[in-house]
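Commentary on secondary and tertiary structure
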Amino acid sequence: MDYLTLQFGVYLLRWILSAIVMFIPLYLLVETNCCKGKYQEYIHLLLVQIFGAFIFFNIDKWIFR
């Protein structure tokens, strides 16, 4: 089973770390009332995911090599 490998453990830790790291820009977006409107939560999610992609791209590349 692939879930019991070291590679999956590293991947799981990466997801936990990304949740902590991306909490900071999400918090800042919410506190500054950025992007007010009907779909504010979705815009925040999209912006935070783009931010996370820049941070975690190389980490993911390392995990999956």
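Note that this is a predicted model, so its numbers are computed, not measured. (Residues numbered from 1 in each chain as written. Predicted model: local features only at pLDDT ≥ 70, side-chain atom pairs only at ≥ 80, totals over all residues. Heavy atoms only, no water.)

Thoughts on the pattern of salt bridges
What counts is decided by this rule: The term salt bridge refers to a side-chain nitrogen of Lys or Arg lying within 4 Å of a carboxyl oxygen of Asp or Glu. A helix here means a DSSP run of H or I that spans at least four residues, while a strand means a run of E at least two residues long, and both kinds are numbered starting from the N terminus. Exposure is judged per residue with a 1.4 Å probe applied to protein chains only, and the accessible area is read against the type maximum: over 50% gives exposed, under 20% gives buried, and values in between give partly exposed.
According to the stated counting rule, one finds one salt bridge in the structure shown. Among the ionic pairs, R14 bridges to D60, the shortest N-O distance being 2.6 Å. Placement of R14 in helix α1 (residues 6-31) and of D60 in helix α2 (residues 40-63) is noted, with a sequence separation of 46 residues between them. For R14, a relative accessible area of 11% translates into the label buried.

Details of the packing of aromatic side chains
Put simply, the test is: Aromatic rings from Phe, Tyr and Trp, with only the six-membered ring used for Trp, were paired whenever their centres fell within 6.5 Å, and each pair was classed as stacked if the ring planes differed by under 30 degrees, edge-to-face if by over 60, and tilted otherwise. Think of it as a cone above the ring: NZ of Lys or CZ of Arg counts as a charge over the ring if it is within 6 Å of the ring centre and within 35 degrees of the ring normal.
Summed over all chains, the structure comprises six aromatic pairs. Judged by centre distance (6.5 Å) and plane angle (45°), the rings of F8 and Y11 are tilted. Here F8 pairs with Y11, and both are found in helix α1, just three residues apart, close to one helical turn. Taking the relative accessible area as the measure of exposure, F8 reaches 28% and is therefore partly exposed. Summarising the aromatic geometry, the rings of Y11 and W15 are spaced 6.2 Å apart at their centres and angled 80° between planes, so their arrangement reads as edge-to-face. Taken together, the residues span about one helical turn, with Y11 and W15 both in helix α1 at a distance of four residues. The partly exposed category is assigned to Y11, whose relative accessible area is 25%. Note on W15: relative accessible area 45%, which makes it partly exposed. Through successive ring pairs, a cluster of aromatic residues spans Y3, F8, Y11, W15 and F64. The aromatic ring of W15 is capped on one face by R14, whose charged end is 4.8 Å from the ring centroid.

Some details on α1
Because each turn of an α-helix spans 3.6 residues, side chains separated by three or four positions end up pointing in the same direction. The condition is simple: The span one expects for a helix is its residue count, reduced by one, times 1.5 Å. Bend at a given residue is defined as the angle between two axes, one fitted to the seven residues that end at that position and one fitted to the seven that begin there. Contacts: residue pairs with any heavy atoms within 4.5 Å of one another.
Along its 26 residues, α1 runs 38 Å from first to last C-alpha, staying within 8% of the 38 Å computed at 1.5 Å per residue. Of all the bends in α1, the largest measures some 30° and sits at F23, one to four residues before the proline P25. Among the residues of α1, those classed as buried are R14, S18, M22, P25 and L29. Lining the buried residues of α1 we find α2. Positive backbone phi, approximately 50°, marks N33, located one or two places after α1.

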